[in-house]
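Report on the structure
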Amino acid sequence: MNDTVIVIMEWIGTVAFAVSGALIALARGLDLFGVIFVGCITSVGGGILRDVLMGQVPPSIFSNPLVLALAALTSLLVFIVSYLKRKSFGDFKKRLEIVNNYFDAVGLAVFTVIGVEKTFAAGFSGRFVFAVCMGMLTGVGGGLLRDILVDQTPSVLKKHVYAVASLAGACVYYAAERCFDKTVSVLVSVTIIILIRLLATKFRWRLPRIDFDQG
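Residues numbered from 1 in each chain as written. Predicted model: local features only at pLDDT ≥ 70, side-chain atom pairs only at ≥ 80, totals over all residues. Heavy atoms only, no water.

Structural notes on helix 6 (residues 162-176)
If you check helix 6, its first and last C-alpha atoms are 21 Å apart, about what 15 residues at 1.5 Å a residue would give, namely 21 Å. Taken as a whole, helix 6 has its buried residues at Tyr162, Ala163, Ala165, Ser166, Gly169, Ala170, Tyr173, Tyr174 and Ala176. (Helix = DSSP H or I, 4+ residues; strand = E, 2+ residues; numbered from the N terminus. Expected span 1.5 Å × (residues − 1). Buried < 20%, exposed > 50% of the residue type's maximum accessible area, 1.4 Å probe, protein only.)

Structure below.
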């Protein structure tokens, strides 16, 4: 994949996940440092986990501080805007949650595709299961770490087909990349993940689970 496309996608995903992480940190009552830290870990956490599992130490994020700086700046801006809107934060929060869902969907889609592509670049293009798992981990890993930090059950384990959307998109990208142009493969995969996430939220799609409180 063209390096420019990778950079653009990484920056889009970084901003999207930083907004998502910062908003959740604000909702949990964290201070400025907490908001920035959680926003950053949401953005780069999945990539760090992926790189460690692929044996790339230190992770690539530490050789590209601009991405980390972008995540920190985005989180700071979210904090500032929320502070300015604090008097009407109740109504503002509802609107933020809607916006956050879109940002979260975009971040998930972008980083899932980047994760698969990174495994290709590392020489694992023939390992379907590994490439798909690394794509999913890149997409959901930051949110997993975020939820642990704010002391809540990771959304990936209960949210509307969250990890499933990432896994589906990773599979589509792995297959499409062998049949179509890279750009087409990216657009198709990203679109599929975003659509699944947004439709799952709108129609409240859920995977089966057992409610032991009901007789």
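Text resumes after the structure shown.
With respect to the pattern of salt bridges
Note that side chains of opposite charge can pair when their charged atoms are close. This model, assessed by the stated rule, comprises five salt bridges. Lys182 is paired through a salt bridge with Glu117; the nearest N and O atoms lie 3.3 Å apart. On the criterion of sequence distance, the pair formed by Lys182 in helix 7 (residues 182-203) and Glu117 in helix 4 (residues 89-121) is long-range, its members being 65 residues apart. By relative accessible area, Glu117 is classed as buried at 8%. Among the salt bridges present, the one from Glu177 reaches Arg178, with a minimum N-O distance of 3.4 Å. A relative accessible area of 44% means that Arg178 is categorised as partly exposed. (Salt bridge = Lys/Arg side-chain N within 4 Å of Asp/Glu carboxyl O.)

Digging into the packing of aromatic side chains
For the structure on display, the rule yields seven aromatic pairs. Ring geometry for Phe33 against Phe37: centres 5.9 Å apart, planes inclined by 25°, an arrangement best described as stacked. Of the two residues, Phe33 and Phe37 are both situated in helix 2 (residues 32-53); the distance of four residues between them amounts to about one turn of the helix. Of the residues examined, Phe37 reaches a relative accessible area of 41% and is grouped as partly exposed. Between Phe128 and Tyr174, the aromatic rings sit 5.0 Å apart at their centres with planes inclined by 75°, giving edge-to-face as the arrangement. Here Phe128, found in helix 5 (residues 128-149), pairs with Tyr174, found in helix 6; they are 46 residues apart in sequence, far enough to count as distant. (Phe/Tyr/Trp six-rings, centres within 6.5 Å; stacked < 30°, edge-to-face > 60°.)

By themselves, these observations are geometric and do not establish any function.
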